[in-house]
Amino acid sequence: SGEALTTYNGHTGDVMSLAISPTDKNVFCTGSVDTTAKIWDVRTGKCVQTHMGHESDINSVAFFPDGKAIGTGSDDSTCRLFDMRCYAEVNKFGHDKILCGITSVDFSRSGRLLFAGYDDFNCYAWDTLGDGGLHAFQLPQPHDNRVSCLGVNPKGDALCTGSWDTLLKIWA
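Cut-off values and rules
- Residues numbered from 1 in each chain as written.
- Predicted model: local features only at pLDDT ≥ 70, side-chain atom pairs only at ≥ 80, totals over all residues.
- Heavy atoms only, no water.
- Phe/Tyr/Trp six-rings, centres within 6.5 Å; stacked < 30°, edge-to-face > 60°.
- Helix = DSSP H or I, 4+ residues; strand = E, 2+ residues; numbered from the N terminus.
- Buried < 20%, exposed > 50% of the residue type's maximum accessible area, 1.4 Å probe, protein only.
- Lys NZ or Arg CZ within 6 Å of the ring centre and 35° of its normal.
- Disulfide = S-S within 2.5 Å.
- Core = buried A, V, L, I, M, F, W, Y, C linked by side-chain atoms within 4.5 Å.
- Contact = heavy atoms within 4.5 Å.

(A) Inspection of the packing of aromatic side chains at higher detail. Under the defined criterion, the tally for this structure stands at 8 aromatic pairs. Ring geometry for Tyr8 versus Trp40: centroids 5.7 Å apart, planes at 75°, classification edge-to-face. Of the two residues, Tyr8 sits in the segment before β1 (15-20) while Trp40 sits in strand β3 (residues 37-41), which places them 32 residues apart along the sequence. Accessibility expressed as a relative area gives 2% for Trp40, which makes it buried. For the pair Phe115 and Phe137, a centre-to-centre distance of 6.4 Å together with 70° between the ring planes defines the contact as edge-to-face. With a gap of 22 residues between them, Phe115 in strand β10 (residues 113-118) and Phe137 in strand β12 (residues 137-138) connect regions that are remote in the sequence. Overall, the relative accessible area of 35% leaves Phe137 in the partly exposed class. The structure contains a cluster of three or more aromatic residues connected by ring pairs, namely Phe93, Tyr118, Tyr124 and Trp126. Over the ring of Trp164 we find Arg146, and its NZ or CZ is 4.2 Å from the ring centre.

This is the structure:
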């Protein structure tokens with residue numbers, strides 16, 4: 001009928017990203033310019049968790065492959081890992097020399113790597129088991145403009161990055 005069936009209210013700023021849980025289709029997360037990531041349950045229509053810690057807009061959210069954590073990317077130049085079981089931030093990924101915003105995030109199939117696309121045309125991979133201060137690696141050939149989106153294929157053997165330079169690049 002074209003009518004909204006349900007409205008979810010709780011963010012105080014624009015919602016920039018959402019992701020559906022890979023293990024529970026009744027749960028999804030959102031990231032907002034209000035600097036929070038929220039976990040929602042469609043059965044109740046309510047926010048069940050709010051994760052804070054970022055200092056600027058959250059542009060991207062992704063579920064950890066087991067569905068028990070989320071990764072976020074923000075204009076504060078950091079990615080964060082929030083564990084839904086302990087309701088807390090368990091890691092923060094960033095470096096003093098990376099000063100631009102993050103446009104997109106996704107996890108490797110195992111969850112060991114958190115890929116992040118940046119406004120400085122780069123894509124970095126962060127080791128989710130590391131201390132968060134040093135990226136695991138940087139893709140060797142940056143785009144010619146900001147990375148606007150990225151995703152890991154379901155099989156887990158390739159990463160695709162999209163950019164304002166009009167290109168998609170497949171990394172395997």
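Okay, back to it.
(B) Examining the state of the cysteines more closely. Evaluated as defined, the whole model comprises 0 disulfides. Not engaged in a disulfide, the cysteine Cys100 finds its nearest cysteine sulfur in Cys79; these two sulfurs lie 10 Å apart. Between Cys123, a free cysteine, and Cys79, which holds the nearest cysteine sulfur, the sulfur-to-sulfur gap is 9.6 Å. For Cys123, a relative accessible area of 5% gives the class buried.

(C) Fine view of the nonpolar core. Formed by 16 residues in total, the largest nonpolar core has its most connected members in Cys79, Val105, Leu114, Ala116, Tyr118 and Trp126. Sequence-distant contacts of Val105, defined by excluding residues within four places in its chain, comprise Ser60, Val61, Ala62, Gly71, Thr72, Gly73, Cys79, Leu114, Phe115, Ala116 and Leu150. Residues Val27, Ile58, Ile70 and Met84 belong to the second largest nonpolar core, which totals 11 residues.

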